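# Close look at the chain arrangement
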Amino acid sequence: MDSSYIYMGRHNTTYMIRNYLITALRVLNKQKFFTAINVLGLAVGIACCMVMLLYVKNELSYDKYHANIDQLYRIVIDLKFGEMDGRMSDTAAPMAKTLVKDYPEVINAGRTEEQGDQWIRRGNNESVLIEDVAYVDSSIFQMFSFDVVAGDPVTALTNPDLIVISRRIADLYFPNEDPMGKSLTIGNDWNVEVAGLIENMPEQSSFKYDVFLSMERLGWSKDNMWLNHTFETYFQLAPGSDPAGLEAKFPDMLEKYVGPELMKFIGATIEEFRESGKNLGYGMQPVADIHLHSQDIDGVGGDGNIRYVYIFTLIALMILLIASINFINLSTAKSAVRAREVGIRKVMGSIRSMLVGQFLTESVIMSLMSFFLAIGIGALFLPVFNSLAQTAVSIPWGDPFFWAIMILGALVLGIVTGMYPAFFLSAFKPVKVLKGNLTRQSSSGWLRSGLVIFQFVASIVLIISTLIVRKQITYIQNKDLGFNKEHVVIVENTWVLSDKVHLLKKELVQRKDILSGSVTNYLPVNSNRSTNAYWLKEEANQNKEVLISRFTVDFDYVETYGLEIVEGRNLSVEFPTDSQAVLINEVAAMQLGISDNPIGREISSVGDMDENGNPTFDNFKIVGILKDFHFSNAKELINPLGLFIGNNRGAVSFRIKSDNLQATLADMEVAYKNFAPDKPFQYSFVDERFEEMYETEQRLGKIFGSFSILAIFIACLGLFALATFMAERRAKEISIRRVMGARVSNIMLLLSSEFLKLVGLALVFAVPVAYYLMQNWLEGFAYRVDLGVDVFIISGILALMIAQLTVSFQSIKAALANPVNALRNE
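These numbers come from a predicted model, not from an experiment.

Helix and strand counts for the protein come out as 25 helices and 24 strands. Across the 826 residues in the protein, those meeting the buried criterion constitute 51%. If you take every contact in the protein between residues at least 6 apart in sequence, the share linking residues at least 24 apart comes to 79%.

In this section: the environment of I69. Structurally, the position occupied by I69 is in the loop between α2 (32-60) and β1 (72-81). You can call I69 buried: its relative accessible area is 10%. In this structure the C-alpha to C-alpha distance between I69 and F144, which are 75 residues apart in sequence, comes to 8.1 Å. Setting aside anything within four residues of it in sequence, one finds I69 in contact with D63, V287 and A288.

Our next topic: the pairing of strand β8 (residues 183-186). Note that strand β4 (residues 106-121) and β8 share 2 bridges and pair antiparallel. In the sheet register, R121 faces β8, and the bridge partner there is T185. In this structure, β8 lies alongside strand β9 (residues 190-198), joined through 4 bridges in antiparallel fashion. By the bridge assignment, I186 is partnered in β9 with W190. In this antiparallel pair of consecutive strands, β8 and β9, the connection spans 3 residues, and G187 shows a positive phi of 70 degrees.

Another point: the nonpolar core. Counting 111 residues, the largest nonpolar core has F385, Y561, L563, L643 and F707 as the members making the most contacts within it. At 14 residues, α2 tops the list of elements feeding residues into this core. Not counting the four nearest positions on each side in its chain, F385 is found in contact with V51, M52, Y55, Q390, T391, I703 and F707. In terms of nonpolar packing, the next biggest core, distinct from the first, is built from 33 residues, Y73, F81, I266 and M284 among them.

Below, the discussion takes up a nonpolar patch on the surface. Residues V789, I793, I797 and M801 make up a contiguous nonpolar surface patch of about 400 Å² in total accessible area. Relative to the helices and strands, M801 resides in helix α24 (residues 789-816).

Further remarks concern the side chain of T233. Position of T233 among the secondary structure elements: in strand β11 (residues 229-237). Engagement of the side chain of T233 in a polar contact is seen with the side chain of T91, the distance being 2.5 Å. Contact partners of T233, with chain neighbours within four places excluded, come to Y73, R74, I75, S89, T91, A92, M95, A96, L99, G110 and R111.

Summed over the entire model, instances satisfying the criterion amount to 0 disulfides. With no disulfide of its own, C48 lies closest to C49 among cysteine sulfurs, the gap being 8.6 Å. Judged by its relative accessible area of 3%, C48 falls in the buried class. Classification of C49 as buried rests on a relative accessible area of 7%.

Our focus in this paragraph is the packing of helix α3 (residues 95-102) against helix α8 (residues 250-266). Here α3 crosses α8 at 120 degrees, and the two axes come no closer than 12 Å. In terms of orientation, α3 and α8 fall into the oblique class. Judged by the twist between their axes, the crossing of α3 over α8 is right-handed. In this structure, α3 contributes M95, T98, L99, K101 and D102 to the contact, and α8 contributes F250, M253, K256 and Y257. Each residue belonging to the contact of α3 with α8 can be placed in one class, and the counts come to 5 nonpolar, 1 polar and 3 charged.

Moving on: α8. At V258, α8 shows its maximal bend, which comes to roughly 45 degrees, and the proline P260 appears one to four places after that position. The complete set of buried residues in α8 reads F250, M253, L254, Y257, V258, G259, E261, L262, F265 and I266. Two residues or fewer after α8 comes G267, characterised by a positive phi angle close to 70 degrees.

The next point concerns the packing of helix α16 (residues 500-508) against helix α19 (residues 661-675). Close contact between α16 and α19 brings their axes to 10 Å; oriented N to C, the two are set at 150 degrees. Accordingly, the angle class assigned to the pair α16 and α19 is roughly antiparallel. Considering the relative orientation of α16 and α19, their crossing is right-handed. Here α16 contributes K500, L503, L504, E507 and L508 to the contact with α19, which in turn contributes D667, M668, A671, Y672 and F675. Split into classes, the residues belonging to the contact of α16 with α19 amount to 7 nonpolar, no polar and 3 charged.

Negative charge collects at one region of the surface, where D252, E255, E271, E272 and E275 lie side by side. At the level of secondary structure, the elements contributing two or more residues to the negative patch comprise α8 and α9 (270-275). Within the fold, E255 resides in helix α8. Given a relative accessible area of 48%, E255 falls into the partly exposed group.

Conventions and cut-offs
- In this convention, every chain numbers its residues from 1, walking through the sequence in written order.
- With the structure being a predicted model, the display of local features is reserved for residues of pLDDT at least 70 and the display and counting of side-chain atom pairs for 80 or more, all residues being used for whole-chain, interface and lining totals.
- Hydrogens and waters are ignored; side-chain quantities use all the structure's heavy atoms.
- Runs of H or I in DSSP of at least four residues are treated as helices and runs of E of at least two as strands, each being numbered from the N terminus.
- Whether a residue is buried, partly exposed or exposed follows from its accessible area with a 1.4 Å probe, protein chains only, as a fraction of its type maximum: under 20%, in between, or over 50%, in that order.
- Two residues qualify as a contact provided that any one of their heavy atoms is within 4.5 Å of a heavy atom in the partner residue.
- A pair of strands is considered paired only if DSSP assigns at least 2 bridges between the two.
- In this text, buried Ala, Val, Leu, Ile, Met, Phe, Trp, Tyr and Cys residues form a nonpolar core when linked through side-chain atoms within 4.5 Å.
- Only residues whose relative accessible area exceeds 30% and that form no salt bridge enter a patch; like-charged residues are grouped when within 9 Å of one another, and nonpolar side chains (Val, Leu, Ile, Met, Phe, Trp, Tyr) when within 5 Å.
- Using a 1.4 Å probe, the Shrake-Rupley method yields the accessible areas, and only the shown protein chains count as cover for residues.
- By convention in these notes, a salt bridge is any Lys or Arg side-chain nitrogen within 4 Å of a carboxyl oxygen on Asp or Glu.
- Whenever a nitrogen or oxygen atom comes within 3.5 Å of another N or O atom, the pair is scored as a polar contact, on the condition that within protein one atom can donate a hydrogen and the other can accept it, and that pairs from neighbouring residues in sequence are kept only if both atoms are in side chains.
- Cysteine sulfur pairs qualify as disulfides if the two atoms are within 2.5 Å.
- To get an axis, fit a line to the C-alpha atoms, keeping to the stretch in contact for a helix; angles then go from 0 to 180 degrees between the N-to-C directions.
- Here is the rule for angles: anything less than 35 degrees is roughly parallel, anything more than 145 is roughly antiparallel, 65 through 115 is roughly perpendicular, and the remaining ranges are oblique.
- The crossing is said to be left-handed when, going from far helix to near helix, the turn is anticlockwise and less than a right angle, and right-handed when the turn is clockwise.
- Ten residue types, Ala, Val, Leu, Ile, Met, Phe, Trp, Tyr, Cys and Pro, are classed as nonpolar, four, Asp, Glu, Lys and Arg, as charged, and the remainder, Gly among them, as polar.
- By definition, a residue's bend is the angle between the axes fitted to the seven residues ending there and the seven starting there.
- We count Lys and Arg on the positive side and Asp and Glu on the negative side, and we leave His and both chain ends out.
- By convention, the charge on Lys lies at NZ, on Arg at CZ, on Asp at CG and on Glu at CD.

Here's what the structure looks like:
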């Protein structure tokens, strides 16, 4: 082939591309308002999609930093006992060593037990409350990829008085110092030495611990009972092992170790236990699944939710699709303006492929502009989103892969969204368009209307979802809980006062602004819960146990929380035998089968082992029945509960008058400091803690609301585009109607009715979709609102009003246009 021909071909190609770019920039500059709306709409959609996908990527990256993540698992227990039917990750103390001993495919195992908050101080300095503290086996550091800075955590935690701390704790207590070998004091008098230092755990970690204590410190870690579930058990499989094969062996472990204890304690075999409607079984959960797949597991982790990942991914794609549809509609809406340009270009010799290239160039340029604007919008919106979602998503500015994806995405989106307008506009016939006779295939109008319907279906679904989420949250917040949560202050972490906590309570309840007080860490909101199996004493060994949540409280608990006793009496200091008495709720009485005659009956449970290794039994007399109250959140049914007298000193609750709140809190702090001068005074309100239980749902409602507004905004741009297109297409018809005497209001009604029909049709499709999605979401609540028609009616009216306001501008503009301008060529 002649080289000059090749050169000229390349020269022509370069010239053609350059011409495309120059022409495209001129067109976009000439149509500034149109370009701005088009770019802004697409940019908002891309920004929403980018933020959502960054969030999804962040959620999916949890725990992936562990080198052996594909080999790491934890034990979960499937438990059905009475009304309780669920899963938990608490296991028996001997589980870890048994896994290693009995199963060759398990090469390591270890336990953790969250300690919660701990007061820790250095020397005589004021104590600081450290939240993320856990007892762990040293083998945990062999299985998980913690970044060790100094020391050897594996050997350190074999000593009960040595600890491992994170960089964060080291900077807090030992700024600019080497913490190794230095001492800290936990609580009042437990002195420990720092023997290991690790880097702070990544944000994408299911483990949030900052202080690791030795499991050797816990006496019950050496317990051999299999029915006492306390520890999280993690284990590592050998490479190439079959997880399903190992899990299939667990029934043998249950039979071997749990079976004898069931027979000893309740006189039933495992088969008899299951035949009575109960169940107990072991399973495995990959550590990689803990963050997103633990909503049905009671235990550590599970802060994320795979359902929300699916929801947010769907929302991201829906909003991007809505924005892309707008891009197409806004481009074709200007068809009347570009039609003459197309006709002239064709008359001057342009072929269709060149016109397609021109329009695609314009589309890609606008797409690139939208992508870069979207990054800026996303950067501005991310702090708001992080606050709503309680996450720490950021734009990876220094990641070349991110920029490559964004640029490639801009090119692909520009081509994909520009193809329909390019082929649609380039197909115009020169003779017809130059005569002012713009026609189009009827299918294009149908397609455009269908796309707008889809936009409003998505938007209305988001509106309905937002309203239902808020309705459910309002219902929960205003539901009768069965106790009085108002004006109750919780003084927290009072276990550091030891027995002085009772003196603090005694002193404060004498103040005129404090009505009552109760010493216990078992609270009806975000409460610790200890669950034991109880049965009627006279029905021992008949396999009729009921799981009852055990609250150890003092004699003033019922009064402080305003609980109602429907039968019998309260626990009272006037009855010395009440140390072996119990108050149970109505659900517990019903499940025990004693609703008709509960007072004076006795219930039993397994106590400590005697010196011969045989179980002892504790008996409690029922002295009163409590009206059922919510001691957990409304996602759960009210379960059996018993109030037992005990000495739980973790917190003190005070019911106070609301007249002079700040002065009362100041008095409480002074009294607290008299007993604990080196400890900060920390308190919370029960009603605030109740609100915190539903933070996830509240955040979801806010996120739905925010993205509903953005989706509506983008959809309205699409509707505006269609209104513009329709007004241009029917300009002559409208002018003729005006000449024939039609009023402006008639013209506005004529144009608006078509768009309102589209929105009404969208409502018909959106209602069943939203109903299905929200019905599934509400199934996660034991107590929930009914999906009445009011929400759907309000959403429909709101969508129609927004649509009407959007098209009003174009309707009025078209109705007021001078008929001469449209008819002068006729």
